[in-house]
Amino acid sequence: PLRADTVALIGWFGPRGLASVVFLLVAFDQMGPTHPASVTLVHVVTWTVLVSIFVHGLSAGPIGALYVRRMATVSAGTKAWYAARSPRSPCSAPM
């Protein structure tokens, strides 16, 4: 289980730009590039990606610093509880 602030951080910095491009490709596959709305769709996706890069670039420092401060206030017991319940990757297993 992830903490609510961790979920919020992942949600804010998630793959919004990549998802927009993938949805654009799916739309092109369905309606074709000659559809009257295709030019508008390309413009909307382009601006979505550009604005996302700009806004996330501006917010990365302040939001990252806030998250670090919040994590610093978490007690050692709470950290151990989350660590014990988080899934382990095969790379982190002891040899």
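Residues numbered from 1 in each chain as written. Predicted model: local features only at pLDDT ≥ 70, side-chain atom pairs only at ≥ 80, totals over all residues. Heavy atoms only, no water.

Participant: So what exactly am I meant to see when it comes to the overall build of the protein chain here?
Facilitator: Scanning the protein chain from N- to C-terminus turns up four helices and zero strands. Buried positions account for 15% of the 95 residues belonging to the protein chain. Carbon and sulfur atoms form 74% of the exposed surface of the protein chain, whose accessible area is close to 7,100 Å². (Helix = DSSP H or I, 4+ residues; strand = E, 2+ residues; numbered from the N terminus. Buried < 20%, exposed > 50% of the residue type's maximum accessible area, 1.4 Å probe, protein only. Areas by Shrake-Rupley, 256 points an atom, 1.4 Å probe, with all protein chains shown as cover.)

Participant: Looking at this structure, I do not really get the side chain of R3. What am I missing?
Facilitator: Mapped onto the fold, R3 is located in the segment before α1 (4-12). Side-chain polar atoms of R3 contact the side chain of D5, separated by 2.6 Å. (Polar contact = N/O pair within 3.5 Å; in protein donor to acceptor, adjacent residues only side chain to side chain.)

Participant: Whenever I open this one, the confidence of the model for the protein chain confuses me. Can you help?
Facilitator: Keep in mind that low pLDDT regions are not for reading the predicted coordinates in detail. Averaged over the protein chain, the pLDDT score is 82; the fraction of residues at 70 or greater is 83%. Mean pLDDT in the protein chain bottoms out at helix α4 (residues 76-85), which sits at 69, and peaks at helix α3 (residues 38-72), which reaches 89. (pLDDT = per-residue confidence, 0-100.)

Participant: Please clarify how a nonpolar patch on the surface should be interpreted in this entry.
Facilitator: Taken together, the side chains of W12, F13, W47, L50, V51, I53, F54, V55 and L58 make up a nonpolar region of the molecular surface, amounting to roughly 910 Å² of accessible area. It is α3 that provides the largest number of residues to the nonpolar patch, a total of seven residues. As for its position among the elements, L50 is in helix α3. Take L50: its relative accessible area is 46%, and that puts it in the partly exposed class. (Patch = residues over 30% accessible without salt bridge, like charges linked within 9 Å, V, L, I, M, F, W, Y side chains within 5 Å. Salt bridge = Lys/Arg side-chain N within 4 Å of Asp/Glu carboxyl O.)

Participant: Hey, could you run me through the packing of helix α2 (residues 16-31) against α3 in this one?
Facilitator: Helix-helix packing is described using two parameters, namely the angle between the two axes and the distance between the axes. Orientation of α2 relative to α3, taken along the N-to-C sense of each, is 175 degrees, at an axis distance of 9 Å. Judged by the angle between their axes, α2 and α3 are roughly antiparallel. Of the residues in α3, those touching α2 at R16, G17, S20, V21, L24, A27, F28 and M31 are S38, L41, V42, V45, T48, V49, S52 and H56. Of the residues in the contact of α2 with α3, the class split is nine nonpolar, six polar and one charged. (Axes fitted to C-alpha atoms, helices over the stretch in contact; angles between N-to-C directions. Parallel < 35°, antiparallel > 145°, perpendicular 65-115°, else oblique. Contact = heavy atoms within 4.5 Å. Nonpolar A, V, L, I, M, F, W, Y, C, P; charged D, E, K, R; others polar.)

Participant: Whenever I open this one, the pattern of salt bridges confuses me. Can you help?
Facilitator: Pairing between side chains of opposite charge can happen when the charged atoms of each approach one another. A full pass over the atoms with the stated rule returns two salt bridges. Residue D5 pairs with R3 through a salt bridge whose shortest N-O separation is 2.6 Å. Given a relative accessible area of 12%, D5 falls into the buried group. Residue class for R3 comes out buried when judged on its relative accessible area of 17%. Note that R70 is salt-bridged to D5, the shortest N-O span being 3.1 Å.

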